[in-house]
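Topology and contacts: notes
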Amino acid sequence: MFDLKGRVAVVTGASRGIGRAIAVALAGRGAYVAVNYAKQREAAEATLEAMRAAGGDGELMPFDVTDSKAVTDAIEGLFARKKAVHIAVANAGVAIDNLLLRMSDDELTTTLTTNVHGALYLARAAVRPMMRGRWGRFIAVSSVIGQMGNPGQTAYATSKAALVGAARSIAKEYASRNVTANVLAPGFIDTDMTASVPEAMRAKILEATPLGRFGRPEDVAAAAVYLASEEAGYVTGQVLAINGGLYV
Ligand code: NAP
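Residues numbered from 1 in each chain as written. Predicted model: local features only at pLDDT ≥ 70, side-chain atom pairs only at ≥ 80, totals over all residues. Heavy atoms only, no water.

1. Quick look at the overall build of the protein
The criterion, for reference: Numbered from the N terminus, helices here are DSSP runs of H or I no shorter than four residues, and strands are runs of E no shorter than two. As a reference, a globule follows 2.2 Å times the number of residues to the power 0.38, and the radius of gyration itself is taken over C-alpha atoms. Only protein chains enter the accessibility calculation, which uses a 1.4 Å probe; a residue whose area is less than 20% of its type maximum is buried, one above 50% is exposed, and one in between is partly exposed. For every accessible area listed, the method is Shrake-Rupley and the probe measures 1.4 Å; residues are considered covered only by the protein chains on display. Asp and Glu are treated as the negative residues and Lys and Arg as the positive ones, with His and the ends of the chain left uncounted. Taken as the charge location is NZ of Lys, CZ of Arg, CG of Asp or CD of Glu.
A count of helical and extended segments in the protein gives eight helices and seven strands. Taking 18 Å as the expected radius of gyration for a compact globule of 248 residues, we find that the protein reaches 17 Å, a close match to that expectation. Per-residue burial over the protein gives 49% buried out of 248 residues. Accessible surface for the protein amounts to roughly 11800 Å². Of this, 54% is attributable to carbon and sulfur atoms. In the protein, 26 side chains carry a positive charge and 23 a negative one; their mean positions are 7 Å apart.

2. Regarding the pairing of strand β5 (residues 136-141)
Test applied: Between any two strands, at least two bridges found by DSSP are needed for them to pair.
With six of six residues buried, β5 lies mostly within the body of the structure. Residues of β5 alternate between two faces, with Gly136, Phe138 and Ala140 on one and Arg137, Ile139 and Val141 on the opposite face, all of them buried. Where strand β4 (residues 87-90) meets β5, four bridges bridge the pair, whose relative direction is parallel. Its bridge partner lying in β5, isoleucine 87 is registered against arginine 137. Pairing between β5 and strand β6 (residues 179-186): six bridges, direction parallel. Residue pairing across strands places glycine 136 opposite valine 179, the latter belonging to β6.

3. Some points on the site of the ligand
Where we set the bar: To be near a molecule or strand, a residue needs just one of its heavy atoms within 4 Å of it. Definition of a polar contact: a pair of N or O atoms within 3.5 Å, with one able to donate and the other able to accept a hydrogen when the atoms are protein atoms, and with sequence-neighbouring residues admitted only if both atoms are side-chain atoms. Note that Gly is not counted as nonpolar here; it falls among the polar residues with everything else outside the nonpolar set of Ala, Val, Leu, Ile, Met, Phe, Trp, Tyr, Cys and Pro and the charged set of Asp, Glu, Lys and Arg.
Close to the ligand lie 31 residues, the nearest being Ser15, Lys39, Asn91, Tyr156 and Thr191. Measuring from an oxygen atom of the ligand, one finds a backbone N or O atom of glycine 187 at 3.4 Å. Between isoleucine 189 and the ligand, the recorded distance is 2.8 Å, taken from a backbone N or O atom to an oxygen atom. In isolation the ligand has 910 Å² of accessible area, and contact with the protein removes 93% of it. For the shell around the ligand, the elements supplying multiple residues, two or more each, are α1 (17-28), β2 (32-37) and α6 (154-174). In terms of residue class, the shell around the ligand is made up of 13 nonpolar, 13 polar and five charged.

4. Observations regarding the pattern of salt bridges
Note the cut-off: Criterion for a salt bridge: a side-chain nitrogen of Lys or Arg within 4 Å of a carboxyl oxygen of Asp or Glu.
Within this structure, the stated rule accounts for nine salt bridges. Note that glutamate 230 is salt-bridged to arginine 7, the shortest N-O span being 3.4 Å. Residue glutamate 230 is located in the loop between α8 (217-228) and β7 (239-242), and its partner arginine 7 is located in the segment before β1 (8-11); the two are separated by 223 residues in the primary sequence. Given the relative accessible area of 18%, arginine 7 is considered buried. One salt bridge connects arginine 16 with aspartate 192, and the closest N-O pair in it is separated by 2.8 Å. With arginine 16 in the loop between β1 and α1 and aspartate 192 in the loop between β6 and α7 (199-207), this residue pair connects regions lying 176 residues apart in the sequence. Relative accessible area serves as the criterion here: at 35%, arginine 16 is assigned to the partly exposed category. By relative accessible area, aspartate 192 is classed as exposed at 52%.

5. What to know about the pairing of β2
Under the convention used in this document: For crossovers, right-handed means that the path from the first strand over the helix to the second runs clockwise, given strands pointing away from the viewer.
Among the six residues that make up β2, six are buried, leaving the element largely enclosed by the rest of the structure. The two faces of β2 match: Tyr32, Ala34 and Asn36 on one face and Val33, Val35 and Tyr37 on the other face are all buried. As judged from the four bridges shared by β1 and β2, these two strands associate in the parallel manner. Pairing of valine 10 across the sheet is with alanine 34, part of β2. On the question of chirality, the crossover connecting β1 to the parallel β2 by way of α1 is right-handed. Taken together, the six bridges between β2 and strand β3 (residues 57-62) define a ladder with parallel strand orientation. In the sheet register, tyrosine 37 faces β3, and the bridge partner there is proline 62. For the handedness criterion, the β-α-β arrangement of β2, helix α2 (residues 41-53) and β3 is classed as right-handed.

6. Remarks on the packing of aromatic side chains
Quick note on the threshold: Working definition: rings of Phe, Tyr and Trp (its six-membered ring) pair if their centres are within 6.5 Å, and the pair is stacked with planes under 30 degrees apart, edge-to-face with planes over 60 apart, and tilted otherwise. By the criterion adopted, a ring carries a charge over it if an Arg CZ or a Lys NZ lies within 6 Å of its centre and within 35 degrees of its normal.
Evaluated as defined, the whole model comprises two aromatic pairs. When the ring of phenylalanine 2 is compared with that of tyrosine 226, the centres are 5.9 Å apart and the planes differ by 80°; the resulting orientation is edge-to-face. Residue phenylalanine 2 is found in the segment before β1, and its partner tyrosine 226 is found in helix α8; the two are separated by 224 residues along the sequence. Here arginine 7 stacks its cationic end above the ring of tryptophan 135, 3.5 Å away from the centre of that ring. The residue whose ring lies beneath arginine 137 is tryptophan 135, and the NZ or CZ to ring-centre distance is 4.1 Å.

This is how it looks when you write it as structure tokens:
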């Protein structure tokens, strides 16, 4: 089950955290994985090493997801080299927290361009080769915050809720070409992004999480493997929550 041998995948923001775990999990199932990152090359190299240790392979693919041309060029290059792009995971994201009344234009723009434009640039570039191959899996990494809302996270919540509408539309547009589009909605996952959350807030979130622990990147990666698989071929336009029951 969940054999990804022969599949070509790209994961944005795969140098660290959830993206790294997804890249390693896809590679461990046999996919060739392009490891995108923005700045942290050494971390991306460590992802590639972990993928190889898991028995897989891939390549580094640096680009800024907010740079439309760079995204398109990178995916076209991958297609030219590997003759296919089957799986695209829009994971790269930023969380810039601020109250609505204090939110600067820059904070709003960076959040939306990275989290929303970045995901759509990837989808637009990757769906073309998926259509040609009559097989594709687009997966967007949203968040429980996009479902629940949260004070101080209006911009982030907006960006993450937007991905749901995007994936549902992509699902309908390309279903006839056997391309699915789904969303992962993680809860609180221990990564660099959540490292600076104050202890009191962590305790509150833990208390509200029925499974009684924070998530691990690998919890999200397992769901990504499923959605990327042949076995998930009848699942499209869906939101799969990996949140320990924090939001049900
Ligand atoms: P993280 O540890 O902060 O890692 C962020 C990743 O995104 C890094 O690989 C980073 O690359 C990359 N990135 C950031 N901006 C980029 C850009 N402009 N172009 C290309 N890559 C860029 O984050 P994480 O916690 O793993 O989160 C991954 C995704 O899951 C995000 O979309 C986040 O919103 C979502 N999520 C996280 C949680 C959580 O609790 N952690 C919960 C729900 C949803 P560099 O290393 O090169 O900087």
